[in-house]
Amino acid sequence: MNKPKYETCRFAERTGQVAVYVTPGCPMANMIRGVLVSTKSRCEKCENWKGKGSRRTNNG
């Protein structure tokens, strides 16, 4: 499955219809009403994208 950057970025916390709520480390973040956000289109164009670490565990 190819998910968009705004869903797989390590800085993204959750996504709304237009906004992506991000953590303080995001280079594309803007402060709006005391909340750090970015837009989906800015996330897609971001060159500093970092993927989330694998959450799978090997209990093998």
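Anything mentioned here points back to the structure above.
Residues numbered from 1 in each chain as written. Predicted model: local features only at pLDDT ≥ 70, side-chain atom pairs only at ≥ 80, totals over all residues. Heavy atoms only, no water.

A. Local environment of the overall build of the chain. Helix and strand counts for the chain come out as two helices and four strands. Counting the 60 residues in the chain, one finds 20% classified as buried. Taking contacts inside the chain between residues at least 6 apart in sequence as the whole, the part at least 24 apart equals 32%. Accessible surface for the chain amounts to roughly 4900 Å². Of this, 47% is attributable to carbon and sulfur atoms. (Helix = DSSP H or I, 4+ residues; strand = E, 2+ residues; numbered from the N terminus. Buried < 20%, exposed > 50% of the residue type's maximum accessible area, 1.4 Å probe, protein only. Contact = heavy atoms within 4.5 Å. Areas by Shrake-Rupley, 256 points an atom, 1.4 Å probe, with all protein chains shown as cover.)

B. Broad picture of the sheet that holds strand 1 (residues 12-15). Reading across from one edge, 1-2-4-3 is the order of the four strands in this open sheet, with antiparallel pairing throughout. Edge strands, defined here as strands with exactly one partner in the open sheet, are strand 1 and strand 3 (30-32). For this sheet, the mean angle separating the axes of adjacent strands, direction not counted, is 45°. Pairing of strand 3 with strand 4 (residues 35-39), which is carried by three bridges, proceeds in the antiparallel orientation. By the bridge assignment for strand 4, I32 is matched with V35. (Pairing = 2+ DSSP bridges. Axes fitted to C-alpha atoms, helices over the stretch in contact; angles between N-to-C directions.)

C. Examining unusual backbone geometry more closely. At R33, a residue that is not glycine, the phi angle is positive and equals roughly 50°. One can find R33 in the loop between strand 3 and strand 4.

D. The arrangement of the side chain of S38 in detail. Topologically, S38 is positioned in strand 4. Non-local contacts of S38, meaning those with residues more than four positions away in its chain, are made with V18, A19, V20, V22, M28 and C43.

E. Up close: the pairing of strand 2 (residues 19-22). Here strand 2 shows a buried face lined by V20 and V22 and an unburied face lined by A19 and Y21. As paired elements, strand 1 and strand 2 share three bridges and run antiparallel to each other. Paired with T15 across the bridge in strand 2 is V20. The hairpin turn running from strand 1 into strand 2, its antiparallel successor, is three residues long.

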